[in-house]
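# Structural overview for review
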Amino acid sequence: MSIELKRERSAAMAQTLTIRSHVSLVDGTEAEGGADLGPSPHDLYDAALGACKALTVMWYARKKGIPVDDIHTVVERDDSGERSGVYRLATKLRIQGALSDAQLQELQMVAHKCPVHKLMSTVTTEITTQVERLS
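Everything numeric here is computed off the predicted structure, so don't read it as measured data.

Helix and strand content of the protein: 3 helices and 5 strands. Secondary structure elements in the protein, listed N-terminal to C-terminal, are β-β-β-α-β-β-α-α. At 18 Å, the protein has a C-alpha radius of gyration far larger than the 14 Å of a compact globule built from 135 residues. Summarising its shape, the C-alpha atoms of the protein cover approximately 60 × 35 × 30 Å along the three principal directions. In the protein, which comprises 135 residues, the proportion classed as buried is 22%.

Written out as structure tokens, the structure is:
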């Protein structure tokens, strides 16, 4: 799969992000020199975790017949230690439905196993970067 970003010419830093048929803007905050026209790369990283947890819980609940009516997910970022190697994300999933305590506990265990959580916490990601002249 390929993800493409191209500079949005009407803004200082903003990038038009294309993933399959989905298009969105990514930008830096005003403090970073952007115009805050869209989420920042850090926002997308954090949102990927929250979205993965919510989607994983919904998928599992449907598969197991657990009555989940709604999920509201909040991700809180503490990047104060990022420069020293610690980036903290706290997620909270508020789930609506006629759930027993055991089902709620089961869904919490499932949320901890979402693929992005595993990717962020247990997998070594190898990144290569190539910079070339655009003609």
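Once you've had a look at it, read on.
A surface patch of nonpolar side chains, amounting to about 350 Å² of accessible area, comprises Met1, Ile3 and Leu5. Its location among the elements puts Leu5 in strand E1 (residues 3–7). Given the relative accessible area of 45%, Leu5 is considered partly exposed.

At a closest axis distance of 7 Å, the pairing of helix H1 (residues 41–64) and helix H3 (residues 115–122) adopts a crossing angle of 135°. For the element pair H1 / H3, the angle class is oblique. Of the residues in H3, those in contact with Tyr45, Ala48, Leu49, Cys52, Lys53 and Thr56 of H1 are Pro115, Val116, His117 and Met120. Tallied by class, the residues present in the contact of H1 with H3 amount to 7 nonpolar, 2 polar and 1 charged.

Our next topic: the environment of Cys52. Examined against the element boundaries, Cys52 turns out to sit in helix H1. With a relative accessible area of 11%, Cys52 lands in the buried category. Not counting residues within four places of it along the chain, the set of residues in contact with Cys52 comprises Cys114, Pro115 and Val116.

Okay, the pattern of salt bridges next. This structure, assessed with the given rule, holds 2 salt bridges. For Arg77, the salt bridge goes to Asp43, with nearest N and O atoms at 2.6 Å. With a gap of 34 residues between them, Arg77 in strand E4 (residues 70–78) and Asp43 in helix H1 connect regions that are remote in the sequence. Across the salt bridge formed by Asp46 and Arg77, the nearest N and O atoms sit 2.4 Å from each other. On the criterion of sequence distance, the pair formed by Asp46 in helix H1 and Arg77 in strand E4 is long-range, its members being 31 residues apart. Within this structure, Asp43, Asp46 and Arg77 form a network of salt bridges that share partners.

It is worth spelling out the sheet that holds strand E2 (residues 15–19) at this point. What the 3 strands build is an open sheet, ordered E1-E2-E3; its pairing is antiparallel. On the outer flanks of this sheet lie E1 and strand E3 (22–26), each paired with one strand and no other. Taken over all neighbouring pairs, the strand axes of this sheet differ in orientation by 25° on average, direction set aside. Where E1 and E2 come together, 5 bridges link them in antiparallel fashion. When the bridges of E2 are listed, Lys6 appears paired with Thr16.

The next subject is the packing of H1 against helix H2 (residues 101–111). Between H1 and H2, the shortest axis-to-axis distance is 9 Å and the interhelical angle comes to 130°. In this view, H1 runs oblique relative to H2, as classed from their interaxial angle. The crossing of H1 and H2 is right-handed. Every residue of H2 that contacts H1 at Lys53, Thr56, Val57, Tyr60 and Ala61 is listed here: Glu106, Leu107, Val110 and Ala111. Per-class residue counts for the contact of H1 with H2 are 6 nonpolar, 1 polar and 2 charged.

How each quantity is defined
Residues numbered from 1 in each chain as written. Predicted model: local features only at pLDDT ≥ 70, side-chain atom pairs only at ≥ 80, totals over all residues. Heavy atoms only, no water. Helix = DSSP H or I, 4+ residues; strand = E, 2+ residues; numbered from the N terminus. Rg over C-alpha atoms; globule rule 2.2 N^0.38 Å. Buried < 20%, exposed > 50% of the residue type's maximum accessible area, 1.4 Å probe, protein only. Patch = residues over 30% accessible without salt bridge, like charges linked within 9 Å, V, L, I, M, F, W, Y side chains within 5 Å. Areas by Shrake-Rupley, 256 points an atom, 1.4 Å probe, with all protein chains shown as cover. Salt bridge = Lys/Arg side-chain N within 4 Å of Asp/Glu carboxyl O. Axes fitted to C-alpha atoms, helices over the stretch in contact; angles between N-to-C directions. Parallel < 35°, antiparallel > 145°, perpendicular 65-115°, else oblique. Contact = heavy atoms within 4.5 Å. Nonpolar A, V, L, I, M, F, W, Y, C, P; charged D, E, K, R; others polar. Pairing = 2+ DSSP bridges. Left-handed = near helix turned anticlockwise from the far one by under 90°.

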